[in-house]
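Chains, contacts and geometry: an overview
Residues per chain are reported as follows:
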Amino acid sequence: MARERSDPEHLVDVLIEIWKGVDREGRPMPSEPQLAAQTGASRTSVREALIRLEERGYIYRSHGARTVIHSHLFQLGTRVDQQRDHLDAIARAGYEPSVRVLSADYDVVERSPHGPEQFHDLPIGTRVLRTRKVWSADGHPYVMADDVIPVTDGRSTAEWQPDLDPSMPVFDLAERLNGVAVAWETVWLGSAMLADDEREALSLEASASALVLTYCGLGPAREVAYWCREVQTPAPAHLRNVLVRRVTRG
């Protein structure tokens, strides 16, 4: 869905494109009045967008000094602290994106949510859609996700299946199946040796370890939209996971 010009995140994206041009050309970041004139946005909106850019590590501002840009960030890969659909992230990194749906089945949670094999805490009896998908960059598979999405819509599975594409981003599937518009995610990082079926899905012949991200998508009122267990093998250079964080001293 296209975003409106007044959408704060749209303005952030516009400023990031300006930031990229400034970085490439070695120029200073334009001032707030210049950015307002260039984008057609109000100075208040520009100021709020710049705050978001600073929070995400793109720029550094101090009172009475010129805005400094984080040049190294332009060469980095996928931001762990920002969620984006993999197809979009792969395309933005300059690779040809593709996704394969390995399975998509409706189910009911039966095992204890506290068991070691379970990565979510959905109550027993919850109706869910389980999917397994693999994303590739230029034909190279590097990330696989097992999604568990609660189904609260009263329609039967037969009624859902004809108009539901399991290859859709998990955010969109959740909104269709349980009505929760995701506001944020809680993410846990870990590592694990891949199981045989995971190695097969990622076209790996030998045993391998992987980065594991377990995350829960939440709505504004803390409603659970989905749970996901994602495993990632070494990615192409521009898709390697990166975390940018501010340094607090003292």
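A short tour of the structure in this document, coming up. (Residues numbered from 1 in each chain as written. Predicted model: local features only at pLDDT ≥ 70, side-chain atom pairs only at ≥ 80, totals over all residues. Heavy atoms only, no water.)

Some details on the side chain of histidine 120
How we decide: Helix and strand assignments follow DSSP, with helices taken as H or I runs no shorter than four residues and strands as E runs no shorter than two, numbered in order from the N terminus. Between buried and exposed lies partly exposed: a residue is buried under 20% and exposed over 50% of the maximum accessible area for its type, with that area taken using a 1.4 Å probe on protein chains only.
Along the chain, histidine 120 turns up in the loop between β4 (97-108) and β5 (127-137). With relative accessibility at 3%, the residue histidine 120 sits in the buried group.

Thoughts on helix α2 (residues 32-39)
Going by this rule: Throughout, the arc means that of the directions going from the helix axis to the C-beta atoms. In what follows, a contact means two residues having at least one pair of non-hydrogen atoms within 4.5 Å.
Considered for burial, the residues of α2 that qualify are Glu32, Leu35, Ala36 and Thr39. Down the axis of α2, the sector holding all buried residues measures 100 degrees, keeping them to one side. Exposed residues pointing more than 90 degrees away from the buried face of α2 are listed as Ala37 and Gln38. Those residues of α2 that are buried lie in contact with α1 (8-25) and α3 (43-55). Of the residues one or two after α2, glycine 40 is the one with positive phi, at around 80 degrees.

What to know about the pattern of salt bridges
Quick note on the threshold: Between Lys or Arg on one side and Asp or Glu on the other, a salt bridge is scored when a side-chain nitrogen of the former is within 4 Å of a carboxyl oxygen of the latter.
For the structure shown, the criterion picks out 9 salt bridges. Residues arginine 132 and aspartate 197 are paired through a salt bridge, measuring 2.9 Å at the closest nitrogen-oxygen approach. With a gap of 65 residues between them, arginine 132 in strand β5 and aspartate 197 in helix α7 (residues 196-201) connect regions that are remote in the sequence. Given a relative accessible area of 15%, arginine 132 falls into the buried group.

Remarks on the nonpolar core
In plain terms, the rule: Put simply, a nonpolar core is a bunch of buried Ala, Val, Leu, Ile, Met, Phe, Trp, Tyr and Cys residues held in one set by side-chain atoms that sit within 4.5 Å of each other.
Core analysis: the largest hydrophobic core is formed by 23 residues, its most contacted members being Ile90, Ile149 and Tyr226. Breaking this core down by element, the ones donating at least two residues are β5, β6 (140-150), α6 (170-178), β8 (209-218) and β9 (224-232). Look past the residues within four positions of isoleucine 90 in its chain and what remains in contact with it is Tyr95, Glu96, Pro97, Trp135, Ser136, Ala137, Tyr142 and Leu239. Counting residues in each nonpolar core, the second largest holds 17 residues, with Met29, Val46, Leu50 and Leu53 among its members.

Points about unusual backbone geometry
The phi dihedral of aspartate 138 falls on the positive side, at around 55 degrees, and the residue is not glycine. Inspection of the secondary structure puts aspartate 138 in the loop between β5 and β6. For aspartate 138, a relative accessible area of 53% puts it in the exposed group.

Describing the packing of α1 against α3
Just so we agree on the cut-off: Fitted lines through C-alpha atoms serve as axes, helices being fitted only where they are in contact, and the angles separating the N-to-C directions of these axes extend from 0 to 180 degrees. Note on angle classes: values under 35 degrees are labelled roughly parallel, values over 145 roughly antiparallel, values of 65 to 115 roughly perpendicular, and the remainder oblique. Put simply, Ala, Val, Leu, Ile, Met, Phe, Trp, Tyr, Cys and Pro go in the nonpolar bin, Asp, Glu, Lys and Arg in the charged bin, and everything else, Gly too, in the polar bin.
Relative to each other, α1 and α3 sit at 70 degrees, their axes nearing to 9 Å. With respect to α3, the axis of α1 lies roughly perpendicular. Only Ser45, Val46, Ala49, Leu50, Arg52 and Leu53 of α3 make contact with α1, whose side of the interface consists of Pro8, Glu9, Leu11, Val12, Leu15 and Ile16. Within the contact of α1 with α3, the residues separate by chemical class into 9 nonpolar, 1 polar and 2 charged.

Comments concerning α6
In an α-helix there are 3.6 residues to a turn, and that puts residues three or four apart on one side. Of the residues making up α6, those classed as buried are Val170, Leu173, Ala174, Leu177 and Asn178. Across the axial projection of α6, the buried residues extend over an arc of 100 degrees, all falling on one side.

Some words on the sheet that holds β5
Threshold: Paired strands, in this sense, are two strands between which DSSP finds at least two bridges.
Taking strand neighbours across the sheet as the criterion, the 6 strands line up as β4-β5-β6-β9-β8-β7 in an open arrangement whose pairing is antiparallel. Sheet topology places β4 and β7 (184-193) at the edges, where each strand pairs with a single neighbour. Each adjacent strand pair in this sheet contributes to an overall mean axis angle of 15 degrees, direction not counted. In the sheet, β7 pairs with β8 via 10 bridges, with the strands oriented antiparallel. Bridging from a neighbouring strand, alanine 192 pairs with alanine 210 of β8. Sheet strands touched by α6: β4, β5, β6, β7 and β9. Its angle to β6, the strand with the most contacts, is close to 15 degrees.

Some words on the pairing of β9
Along β9, 8 of the 9 residues are buried, which leaves the element largely enclosed by surrounding structure. Looking at chain direction, β8 and β9 are connected through 8 bridges and run antiparallel. When the bridges of β9 are listed, tyrosine 215 appears paired with cysteine 228. In this structure, the hairpin formed by β8 and β9 is closed by a connection of 5 residues, where arginine 222 is found at a positive phi of approximately 70 degrees.

Description of the packing of aromatic side chains
The line we're drawing: Working definition: rings of Phe, Tyr and Trp (its six-membered ring) pair if their centres are within 6.5 Å, and the pair is stacked with planes under 30 degrees apart, edge-to-face with planes over 60 apart, and tilted otherwise.
A complete count under the given rule lists 2 aromatic pairs for this structure. Here tryptophan 188 and tryptophan 227 contribute two aromatic rings whose centre-to-centre distance is 5.7 Å and whose plane-to-plane angle is 10 degrees, an arrangement assigned as stacked. Pair noted here: tryptophan 188 is in strand β7 and tryptophan 227 is in strand β9, with a separation of 39 residues, a long-range link. Judged by relative accessible area, which is 44%, tryptophan 188 ranks as partly exposed.

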